[in-house]
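Residue strings, one per chain:
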Amino acid sequence: MPQGTAEPQRLLVLDDDPGVGQTMAFMAESLGMEARSVVKASDFFDALSQWQPTHVVIDLIMPDMDGVEVMRQLARLECDVAIIISSGVGTRVLDAAERAAAEHRLNVLGVLSKPFTRQKLQDALGQSSRSPVSRQGEGLDAVDSVGGFEVTETALREAIGQNQFIMVYQPKIACRDNSVVGFEALVRWQHPDAGIITPDRFIPMAESLDLIDPLTDLIIEQSLQWVSALQHEPAMSLAINLSAKTLVNLDFADRLAVRCRRQTVRPGQVTLEMTETAAMEDSVMALELLTRLRMKGFHVAIDDFGTGYSSMMQLARLPFSELKVDKSFVMTATSSEEARTIIRSTVELGHSLGLDVVAEGVEDGGALAFLRDIGCDYAQGYFIARPMPTHRISGWLNERQDD
Ligand code: C2E
Ligand code: CA
Ligand code: CA
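This structure is a prediction, so every number in the text was calculated from the model and none was measured.

Novice: Describe in detail the overall build of the protein, supporting the description with residues and values.
Specialist: The secondary structure content of the protein amounts to 16 helices and 15 strands. Relative to the globule expectation of 22 Å for 403 residues, the C-alpha radius of gyration of the protein, 23 Å, shows essentially globular dimensions. Its C-alpha atoms give the protein principal-axis dimensions of about 70 × 50 × 45 Å. A total of 403 residues make up the protein; the buried ones form 49% of that total. Of all intrachain contacts in the protein linking residues separated by at least 6 positions in sequence, the fraction that spans at least 24 positions is 70%. Total accessible area computed for the protein in this model is approximately 18300 Å², and 50% of it derives from carbon and sulfur atoms. Seen as two clouds, the 36 positive and the 57 negative side-chain charges of the protein have centres 4 Å apart.

Below is the structure:
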């Protein structure tokens, strides 16, 4: 139970059954909170902005707008209220909803299955909050992105012209012995006024405006240069994310090989990551590009595995060398038996196709221990390290060696 803060804790309940909502509000009041309940999503959003609750309980299944849609809207509003998901549906569905919410970077405290008791509500409220995923941990000193900045075509073109992009790097470790094997390069737009802008806010636009190729060029140039200058033995691997649009770029593999040679980076050090969906959208082009990359000695990884719609047959046809289990499963591995089952069978599947398996989204020690136990090859995630700007990395590597 939240305690000891001067500000009153306010709970807003959204449930289409007014009896349920009122009961829950009453229970919350008996726990010392202020509480209100509403039955309609529109009233919920009104109360959210006017009454400013600290906590909300959202019923998953409602007639006018379901709980998943409500959460999607909360994500759009970049709302960091503490959320408890409630429902009478089975725990599998609740788990899935919790995963979806975490994926939207919402601050989910937990789930509450009906019928609930005052004790269950108290337990759910007492969970220490999974902090909303913030970028601050990246140690980028610039101001965090100003919410109101609108990404426009002009701004994006200017950003590419002036190279306003910087890279942050997230370590990847071997599960077997926790040794660092490499880094994934993740792009950030460092806007002179708006601060750091994350890729989900500009990559889709760059793709639709045909600006992704020049942007990918900047990303590749910076990250190859960085990894080649990183004095570390053995040499670190570098993973770069590719957009689906790059698939149609027939000379991509050749150009990449030339640039690697120029920076004295071996192709074997470089992995290109492509989402499952991208690879499947045009699997003929994907086959060509991936084959070319492999022939030149690059590795290719299938990213976000488990979120797309590919068939195993199609996947097996494509010459991937690595499979990345999507973070939505890994983030919930500790709490969800179902997530663990999916991860275990994905690791087996990957290994039986001869692929290395990477788990991304490792947020706690339990998940890392589980991954080691089931023989997963590599891991990435906030528990190991957040993506870091270049000036942080040598320090981080040294600290780790001293441990
Ligand atoms: P992705 O390739 O799946 O990258 C992993 C994302 O998960 C990154 O978000 C990373 O910061 C975040 N992450 C890492 N560990 C954890 C964890 O333990 N928990 C949680 N909740 N999240 C974790 P980021 O950097 O915002 O990137 C989002 C997506 O944008 C990437 O997803 C990728 O699809 C795209 N992207 C990023 N950089 C590039 C790039 O250079 N080129 C292209 N084409 N796409 C990029
Ligand atoms: Ca990736
Ligand atoms: Ca991913």
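Novice: Would you mind going over the domain arrangement of the protein in detail, with residue names and values included?
Specialist: Domain annotation of the protein identifies domain 1 (10–125) and domain 2 (153–402). Domain 1 and domain 2 are separated by 35 Å when their C-alpha centres are compared. Listed by partner, the interface residues are 6 residues for domain 1 and 10 residues for domain 2. Note on domain 1 versus domain 2: buried area summed over both sides is about 760 Å², and carbon and sulfur give 43% of it. Along the contact surface separating domain 1 from domain 2 lie 0 salt bridges.

Novice: Explain the packing of aromatic side chains to me, using residue names and the numbers behind them.
Specialist: Using the criterion set out here, one finds 7 aromatic pairs in the structure. Between Phe44 and Phe45, the aromatic rings sit 5.2 Å apart at their centres with planes inclined by 90°, giving edge-to-face as the arrangement. Exposure remark for Phe44: the relative accessible area of 0% places this residue in the buried category. With a relative accessible area of 16%, Phe45 lands in the buried category. Ring geometry for Phe165 against Trp189: centres 5.9 Å apart, planes inclined by 45°, an arrangement best described as tilted. In this pair, Phe165 is assigned in strand E6 (residues 165–174) and Trp189 in strand E7 (residues 180–191), connecting sequence segments 24 residues apart. No difference in accessibility class separates Phe165 from Trp189, as the two residues are buried. Cluster of aromatic residues (ring-pair linked, three or more members): Phe149, Phe165, Trp189 and Phe202. In this structure, Arg386 is placed above the aromatic ring of Tyr382, and the distance from its NZ or CZ to the ring centre is 4.0 Å.

Novice: I'd love a proper account of the coordination of the calcium ion (ligand 3), names of residues and values included.
Specialist: Here the calcium ion (ligand 3) is held by Asp303 (OD), Asp304 (OD), Glu360 (OE) and Glu360 (OE), and the distances to it run 2.1 to 2.8 Å. Mapped onto the sequence, the residues coordinating the calcium ion (ligand 3) show the spacing D-D-x55-E. Between the two metals, the calcium ion (ligand 3) and the calcium ion (ligand 2), the spacing is 4.2 Å, and Asp303 donates to both. Placement of the pair is Asp303 in strand E11 (residues 299–305) and Glu360 in the loop between strand E13 (356–359) and helix H15 (365–373), with a sequence separation of 57 residues. We note that Asp303, like Glu360, is buried.

Novice: Lay out the packing of helix H9 (residues 252–262) against helix H11 (residues 283–295) with the relevant residues and their values.
Specialist: In contact at an axis separation of 9 Å, H9 and H11 are set at 25° when each is read in the N-to-C sense. What the angle tells us is that H9 and H11 run roughly parallel. For the pair H9 and H11, the crossing hand works out as right-handed. Together, Phe252, Ala253 and Leu256 of H9 and Leu289, Arg292 and Leu293 of H11 make up the contact between the two elements. Its residues placed into classes, the contact of H9 with H11 shows 5 nonpolar, no polar and 1 charged.

Novice: Before we move on, could you go through the site of ligand 1 and cite the residues and values that matter?
Specialist: In the neighbourhood of ligand 1, 24 residues make up the surrounding shell, with Gln170, Arg188, Asn241, Glu363 and Tyr382 lying closest. Take Asn241: an N or O atom from its side chain is 3.0 Å from an oxygen atom of ligand 1. Burial of ligand 1 by the protein chains amounts to 92% of its free accessible area of 800 Å². Ranked by residues supplied to the shell around ligand 1, first place goes to E7 with 4 residues.

Novice: Could you give me a rundown of the confidence of the model for the protein, with the residues and numbers involved?
Specialist: On average, the protein scores 87 in pLDDT, and the residues at 70 or more come to 91%. In the predicted structure, residues 1–5 sits below a pLDDT of 50 and forms 8 contacts with residues beyond four places in sequence or in another chain.

So, how was this worked out
Residues numbered from 1 in each chain as written. Chains lettered and ligands numbered in written order. Predicted model: local features only at pLDDT ≥ 70, side-chain atom pairs only at ≥ 80, totals over all residues. Heavy atoms only, no water. Helix = DSSP H or I, 4+ residues; strand = E, 2+ residues; numbered from the N terminus. Rg over C-alpha atoms; globule rule 2.2 N^0.38 Å. Buried < 20%, exposed > 50% of the residue type's maximum accessible area, 1.4 Å probe, protein only. Contact = heavy atoms within 4.5 Å. Areas by Shrake-Rupley, 256 points an atom, 1.4 Å probe, with all protein chains shown as cover. Lys, Arg positive; Asp, Glu negative; His and termini not counted. Charge placed at Lys NZ, Arg CZ, Asp CG, Glu CD. Domains from an automatic or database assignment. Buried area = accessible area lost by both parts, 1.4 Å probe. Salt bridge = Lys/Arg side-chain N within 4 Å of Asp/Glu carboxyl O. Phe/Tyr/Trp six-rings, centres within 6.5 Å; stacked < 30°, edge-to-face > 60°. Lys NZ or Arg CZ within 6 Å of the ring centre and 35° of its normal. Donors = N, O, S within 2.8 Å, 3.2 Å for Na, K, Ca; no water. Axes fitted to C-alpha atoms, helices over the stretch in contact; angles between N-to-C directions. Parallel < 35°, antiparallel > 145°, perpendicular 65-115°, else oblique. Left-handed = near helix turned anticlockwise from the far one by under 90°. Nonpolar A, V, L, I, M, F, W, Y, C, P; charged D, E, K, R; others polar. Near = heavy atom within 4 Å. Polar contact = N/O pair within 3.5 Å; in protein donor to acceptor, adjacent residues only side chain to side chain. pLDDT = per-residue confidence, 0-100.

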